[in-house]
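Chain and residue survey
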Amino acid sequence: MKNLTPQTIKMLILKFAGTFGSSMLSFAIGLYILHRTGSALSMGVTLVTGPVVSLLLTPFVGYVVDTMNHRRIMLSAQVVTSAALVAFGVVFKLWPAQYYAELIALIIVLQVTDNFLSTTLTASLVQLFEGSELQRVNSLNQSITSLAAFLAPLIGAWLYTLVAIDTFAYIEVLFELTALVAILLLKFRSFAQPATPQPRESVLNNFKTGFAYVKNQKLILTVMISSAAVNFLFAAMNVGLSYLLIQTLKLSNQQYGLVDSGFAIGMFSGGILLAAITIRTHPIRFSYFNLFLLGAMFTTTGVPALFSWPGWLSTAFFWLQSMLNGVLMVLINTPANTFKQRIIPQNLQGRVFSLDLTISTLLAPIGTLVFGALFDHFAAPLLFGIAGSGLLLLTLTVTTVISRQHLLVRPENQVPEADQN
């Protein structure tokens, strides 16, 4: 953590303020809806709203990010977010009985602005940081995001007992303004523009260009599809772990909370670790090596249930496993994302990352539904074994395809050695 540049510090402030504020608000909205309606369906509608909005926005987000000034997009997103939060606070105070419709409207606006902000920020990192610093910043971003996500529900639960939901919105405005100031202070490098102005494409043609690029870049397409498959299989952990701990092993709420904290701690630690080490191999090879380790660990998840371990030993086992899962997820995702940022042309990054995000977002809920149904009818150790074996088979298949097609040694997939740090 030594020798952080002013640029890196501004980025970390931006990531922490944005993630902590939005996570705390999301936590409060979820609690408020459950307490007011007592309906899982009402809560489910709020969870589905985000992915649906993301899907509809995909072509437009990529078009805007790839054709307009990144700083202006990010500042506009922050201003609109802050205005929406203030408007919600005012409207909620005037018409509290219409809270559900007001919250859905707020969720939609925040999802729209977050899509533009997050995609633009991802596509801007190559303008903000050079060479080996890019890998380090991506790693530290992951750590600071994990820390914010870990703290948000703890502080949010405490605040929820003290203030009304509209006050949460005003508190969130303070975090959004903090992020806005950080964006203003960031220094963007400019890229050389074509000597001849290019004709502006329509939104549809713009999206088709980005899709065609992904289709022709075999390595990126392979990584994108396998990432979506990983998210699908990882849903087994998201759904099944709570079922296994609470329904099967009968762990207490405190023990479950301790296990749940392990993942965030692991992601935080993984980010710090990755920022401190040098990757000596191709980033994609490094990512899939750690994905293989994740799959192997997945297969052991049901062991305590098979051997009827006592509660304290099961808690220790699952806490350690959750922490290692968090570390491995950082070691899998961050090098792959940094690699894509380095090799995807700047004028295509918005479309590619928007498409990547949409595919991943869509398959995760599908995996949740599938494994949710399976855990109601089959033993948890069996399903974790199948999911873990699926990850191992996926890793071996993808690495075999990459090796046979010599994708890592193709010129377009080479990252300068200095940039792999």
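Since this is a predicted model, take the numbers as computed values, not measurements.

With that settled, the discussion passes to the overall build of the protein. Looking only at helices and strands, the protein features 14 helices and zero strands. Reading the protein from its N terminus to its C terminus gives the helix and strand order α-α-α-α-α-α-α-α-α-α-α-α-α-α. Relative to its length of 421 residues, the protein is compact, with a C-alpha radius of gyration of 22 Å against a globular reference of 22 Å. C-alpha extents for the protein along the principal axes are approximately 70 × 60 × 45 Å. Sequence separation of at least 24 residues holds for 88% of the intrachain contacts in the protein that already meet a minimum separation of 6. Surface exposure of the protein reaches about 19700 Å², of which carbon and sulfur atoms provide 68%. Of the side-chain charges in the protein, 22 are positive and 15 negative, and the distance between the mean point of each set is 6 Å.

Inspection of every chain in the model, using the stated rule, returns eight aromatic pairs. Plain terms: the ring middles of F16 and F20 are 5.5 Å apart, the flat faces sit at 5° to each other, and that makes the pair stacked. Taken together, the residues span about one helical turn, with F16 and F20 both in helix α1 (residues 6-37) at a distance of four residues. The exposure class of F20 is buried, given its relative accessible area of 6%. Ring centres 5.7 Å apart and planes at 35° place the aromatic pair F88 and F92 in the tilted group. Here F92 and F88 lie together in helix α3 (residues 70-94), a separation of four residues that amounts to about one turn.

The subject of this paragraph is a nonpolar patch on the surface. A surface patch of nonpolar side chains, about 530 Å² in accessible area, is lined by V86, V90, V91, L94, W95 and Y170. Ranked by the residues each element gives to the nonpolar patch, the list is headed by α3, at four residues. Note on placement: V86 falls in helix α3.

On to α3, then. The end-to-end C-alpha distance of α3, which contains 25 residues, comes to 36 Å, matching closely the 36 Å that a straight helix rising 1.5 Å per residue would cover. Near the N-terminus of α3, the side chain that reaches the backbone nitrogen of R71, with its oxygen 3.1 Å away, is that of N69.

Before going further, it helps to spend a moment on the environment of V398. Checked against the element boundaries, V398 lands in helix α14 (residues 380-404). Along the backbone, V398 and I171 are 227 residues apart, and their C-alpha atoms lie at a distance of 45 Å. The contacts of V398, once residues within four sequence positions are left out, are T222, S226 and Y288.

With their axes 9 Å apart at the nearest point, α3 and helix α4 (residues 99-128) run at an angle of 165° to one another. In terms of orientation, α3 and α4 fall into the roughly antiparallel class. The interaxial crossing formed by α3 with α4 has left-handed handedness. Partitioning the contact of α3 with α4 into residue classes produces 18 nonpolar, seven polar and one charged.

Across the interface, helix α7 (residues 203-216) lies against helix α8 (residues 218-248) with an axial gap of 5 Å and an inter-helix angle of 95°. Taken together, the axis directions place α7 and α8 in an arrangement best described as roughly perpendicular. Here α7 contributes Y213, V214, K215 and N216 to the contact with α8, which in turn contributes K218, I220, L221 and M224. Tallied by class, the residues present in the contact of α7 with α8 amount to five nonpolar, one polar and two charged.

Let us now look at α8. An ideal rise of 1.5 Å per residue puts 45 Å on 31 residues; α8 measures up with 43 Å between its terminal C-alpha atoms. Just past α8, the residue K250 takes up positive phi, approximately 60°.

All right, on to unusual backbone geometry then. With a phi close to 55°, H406 is a non-glycine residue in the positive phi region. Secondary-structure assignment places H406 in the segment after α14.

Tracing the chain through its elements places N115 in helix α4. With near-sequence residues (within four places) excluded, N115 lies in contact with S54, L57 and V61.

Time to look at the nonpolar core. Ranked by size, the top nonpolar core spans 50 residues in total, and within it L219, I284, L294, I344 and I402 carry the most contacts. For this core, the elements supplying multiple residues, two or more each, are α7, α8, α10 (283-298), α12 (311-343), α13 (349-375) and α14. A total of 14 residues in this core trace back to one element, the largest contributor, which is α8. Contacts of L219, omitting those with residues within four sequence positions, involve H282, I284, F339, I402, L407, L408 and N413.

Looking at the protein as a whole, its pLDDT mean stands at 81, while 90% of the residues score no less than 70. Ignoring residues within four places in sequence, the model shows residues 192-197, a span with pLDDT below 50, making zero contacts including any to other chains.

Quick notes on the rules
Residues numbered from 1 in each chain as written. Predicted model: local features only at pLDDT ≥ 70, side-chain atom pairs only at ≥ 80, totals over all residues. Heavy atoms only, no water. Helix = DSSP H or I, 4+ residues; strand = E, 2+ residues; numbered from the N terminus. Rg over C-alpha atoms; globule rule 2.2 N^0.38 Å. Contact = heavy atoms within 4.5 Å. Areas by Shrake-Rupley, 256 points an atom, 1.4 Å probe, with all protein chains shown as cover. Lys, Arg positive; Asp, Glu negative; His and termini not counted. Charge placed at Lys NZ, Arg CZ, Asp CG, Glu CD. Phe/Tyr/Trp six-rings, centres within 6.5 Å; stacked < 30°, edge-to-face > 60°. Buried < 20%, exposed > 50% of the residue type's maximum accessible area, 1.4 Å probe, protein only. Patch = residues over 30% accessible without salt bridge, like charges linked within 9 Å, V, L, I, M, F, W, Y side chains within 5 Å. Salt bridge = Lys/Arg side-chain N within 4 Å of Asp/Glu carboxyl O. Expected span 1.5 Å × (residues − 1). Polar contact = N/O pair within 3.5 Å; in protein donor to acceptor, adjacent residues only side chain to side chain. Axes fitted to C-alpha atoms, helices over the stretch in contact; angles between N-to-C directions. Parallel < 35°, antiparallel > 145°, perpendicular 65-115°, else oblique. Left-handed = near helix turned anticlockwise from the far one by under 90°. Nonpolar A, V, L, I, M, F, W, Y, C, P; charged D, E, K, R; others polar. Core = buried A, V, L, I, M, F, W, Y, C linked by side-chain atoms within 4.5 Å. pLDDT = per-residue confidence, 0-100.

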